[in-house]
Amino acid sequence: RLGTIFRSSQIVTDMRQSINSQVLNLVWYSSLLLVVAHWFACLWSGVAYYQVGEFSEEAMLAYPNWMGHWYKSSFVQGGLNPLGWDNHTDRYVLSLFWAIQTITSIGYGNIAPITRIEWWVSSILMIMSGIMWAYLIGGLVGVVAAMQAQSELNGARNDDANKMIKSFAAHEDKKQQEYEKFEMTGDVIAQLIKKYIHDQNVRSNCVGCVNNLEQIFPVLETLSPNLQRMSSYFLLKDSLESVTYLSSCYLSVREQCSIAMECKVLEFAPGDLIDLQQTTTISDLGRGLLVFNRGLAFGFDYRSHSHFVSTLLTSRSVFGDAKVLLEDGHPATKGRLKCLTLTQVIFIPRETILGVLDKNARAWKESARWAYIRLILLSEAASRKIGKQPRQVQGPPIQDFQQEHENVKEILASGGYSEKLTFFNTGFIA
């Protein structure tokens, strides 16, 4: 009855929903063992009292019972003394010791039944103990297996990696010397693979380079569509707020939910070089912007084919928020990342961004268009600086904003780059 009340209380319900279920199961089985052992100890001590009628030393030694028999055979001066009304703590400890060794089937044999009633009671308690112990063992095995699931998955990945690494030597080709010149030997790659798997196991909950939110949090697949959208929103809210024109200043929660549902979580190993124009390097995800969630990387922001600006990117840094707005093929869409540590980024697809901006005129007019125009001007200025013909601007990728296209063409035609760039760099965009 107490267990029913305990399980149904609101406090326990809140704990079950907020604490790791395996930890709660471990606490539950441990508590259950202690409670059962306590009641067995009380019953076993009560059997002796029932036969004698009191716990005095004279009475216990005068009548046959398990407690008096233990005292005669095992008592030592200064040790436990279960006889006497004042020695209730020693009596409880001795009874609890018998209960625990009975439940766990250890059975040292130093405490044994003597009378007929004690044999009956101990036999019944041993049957109950066997059932109880089997239940506890089954539950604890399940808890340990669940707790080790991540370790077993990591072990399986390591085994697969070792199997693949052993095959490297069987596929050496004529370009081996060329690879060695650039330190791309099989041993180096093997070390990088092992480090990537180890770092993901220690510092991340991802198991690959490209991950959906459902792969990282499988419970998402079991939720209703609305709860999936809201959960995705709260998981990626900070990342969306890092991009000005995707923040809550311009987008509604519904719009941010639709973006969050399409995002991917990417993880790159230390030393990885990612070319944002060659989408095959990130599993054909297409163009998009990156929000750094963890790690450290250098970003190379190309303004033209040969002119770039390097930036150190850390947590909550955004890379490509203006590039993603440019039309395909523009030289300023080129960008590269050089990862210095295990780097986790949130990838927001270009199609999703343009779809939201196409419907949200305010987000485009008050934020996104300024990033677009600024990058166009910087790109064309870089082209003129190195003596190349400025690229013909095709217009922003957002529909119904052709006036912006005409404004950019007018600015570029005027040649007043210095004045315009000063205007855009004074912080107006921010």
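Look up a bit, the structure's there.
Keep in mind the model is a prediction, meaning the values are calculated, not measured.

(A) Fine view of the overall build of the protein. Helix and strand counts for the protein come out as 17 helices and 9 strands. Evaluated residue by residue, the protein yields a buried proportion of 40% over its 430 residues. Contacts in the protein between residues at least 24 apart in sequence constitute 69% of all its contacts with a sequence separation of at least 6.

(B) Geometry of helix 12 (residues 225-242). In a regular helix each residue adds 1.5 Å, so 18 residues correspond to 26 Å; helix 12 covers 25 Å between its end C-alpha atoms and thus fits that length. Helix geometry: helix 12 is bent most strongly at Leu236, by close to 60 degrees. When helix 12 is considered as a whole, its buried residues turn out to be Gln228, Ser232, Tyr233, Leu236, Ser239 and Leu240. Contacts made by the buried residues of helix 12 are with helix 11 (213-216), helix 13 (253-262), strand 4 (288-294) and strand 9 (343-349).

(C) Fine view of the environment of Val36. Tracing the chain through its elements places Val36 in helix 3 (residues 21-52). The exposure class assigned to Val36 is buried, which follows from its relative accessible area of 16%. In the structure, Val36 is positioned 93 residues away from Ser129 in sequence and 8.9 Å away in space, judged by C-alpha atoms. Excluding anything up to four places from it in sequence, Val36 contacts Ile103 and Met132.

(D) Spatial organisation of the sheet that holds strand 9. Ordered by their spatial adjacency, 5 strands build an open sheet running 1-2-9-4-7, and the pairing between neighbours is antiparallel. Either end of the sheet is taken by a strand with one partner, and the two such strands are strand 1 (210-211) and strand 7 (318-319). Helix 14 (residues 350-359) contacts strand 4 and strand 9 of the sheet and is inclined by roughly 50 degrees relative to strand 9.

(E) Highlighting the environment of Ser247. Relative to the helices and strands, Ser247 is located in the loop between helix 12 and helix 13. The class for Ser247 is buried, based on a relative accessible area of 3%. Considered as a pair, Ser247 and Lys237 are 10 residues apart in the sequence and their alpha carbons are 8.6 Å apart. Beyond its immediate chain neighbours, meaning those up to four positions away, Ser247 contacts Leu240, Glu241 and Gln256.

(F) Representation of a nonpolar patch on the surface. Taken together, Ile19, Val23, Leu26, Val27 and Met147 make up a surface patch of nonpolar side chains, about 380 Å² in accessible area. Among the elements that take part in the nonpolar patch, helix 3 stands out by supplying 3 residues, more than any other. With respect to the secondary-structure elements, Leu26 resides in helix 3.

(G) How the structure looks around the nonpolar core. The biggest cluster of nonpolar side chains holds 36 residues, and the ones touching the most others in it are Tyr245, Leu246, Leu289, Leu325 and Ile348. Where this core is concerned, the elements lending two or more residues are helix 11, helix 12, helix 13, strand 4, strand 9, helix 14 and helix 15 (361-385). Here this core gets 9 residues from one element, more than from any other, and that element is helix 15. Setting aside its immediate chain neighbours within four residues, Ile348 contacts Leu240, Leu246, Ile259, Cys263, Gly288, Leu289, Val291 and Ile353. By size, the runner-up hydrophobic cluster in this structure holds 28 residues, among which are Ala37, Trp70, Leu83 and Leu94.

(H) Representation of helix 13 in the model. For helix 13, the full list of buried residues reads Gln256, Cys257, Ile259 and Ala260. Axial view of helix 13: buried residues confined to an arc of 165 degrees, hence all on one face. The inward-facing, buried residues of helix 13 contact helix 11, helix 12, strand 9 and helix 14.

(I) Just the sheet that holds strand 3 (residues 273-275), in detail. Taken in spatial order, the 4 strands of this open sheet run 3-8-5-6, and their pairing is antiparallel. One side of each edge strand has no neighbouring strand; the edge strands of this open sheet are strand 3 and strand 6 (308-313). If you compare each strand with its neighbour and ignore which way they point, the axes differ by 20 degrees on average. Of the strand pairs in this sheet, strand 5 (residues 297-302) and strand 6 are connected by 6 bridges, and their pairing is antiparallel. Directly across from Ala297, in strand 6, lies its bridge partner Leu313.

Analysis parameters
- Residues numbered from 1 in each chain as written.
- Predicted model: local features only at pLDDT ≥ 70, side-chain atom pairs only at ≥ 80, totals over all residues.
- Heavy atoms only, no water.
- Helix = DSSP H or I, 4+ residues; strand = E, 2+ residues; numbered from the N terminus.
- Buried < 20%, exposed > 50% of the residue type's maximum accessible area, 1.4 Å probe, protein only.
- Contact = heavy atoms within 4.5 Å.
- Expected span 1.5 Å × (residues − 1).
- Bend = angle between axes of the 7 residues up to and from the residue.
- Pairing = 2+ DSSP bridges.
- Axes fitted to C-alpha atoms, helices over the stretch in contact; angles between N-to-C directions.
- Patch = residues over 30% accessible without salt bridge, like charges linked within 9 Å, V, L, I, M, F, W, Y side chains within 5 Å.
- Areas by Shrake-Rupley, 256 points an atom, 1.4 Å probe, with all protein chains shown as cover.
- Salt bridge = Lys/Arg side-chain N within 4 Å of Asp/Glu carboxyl O.
- Core = buried A, V, L, I, M, F, W, Y, C linked by side-chain atoms within 4.5 Å.
- Arc of directions from axis to C-beta.

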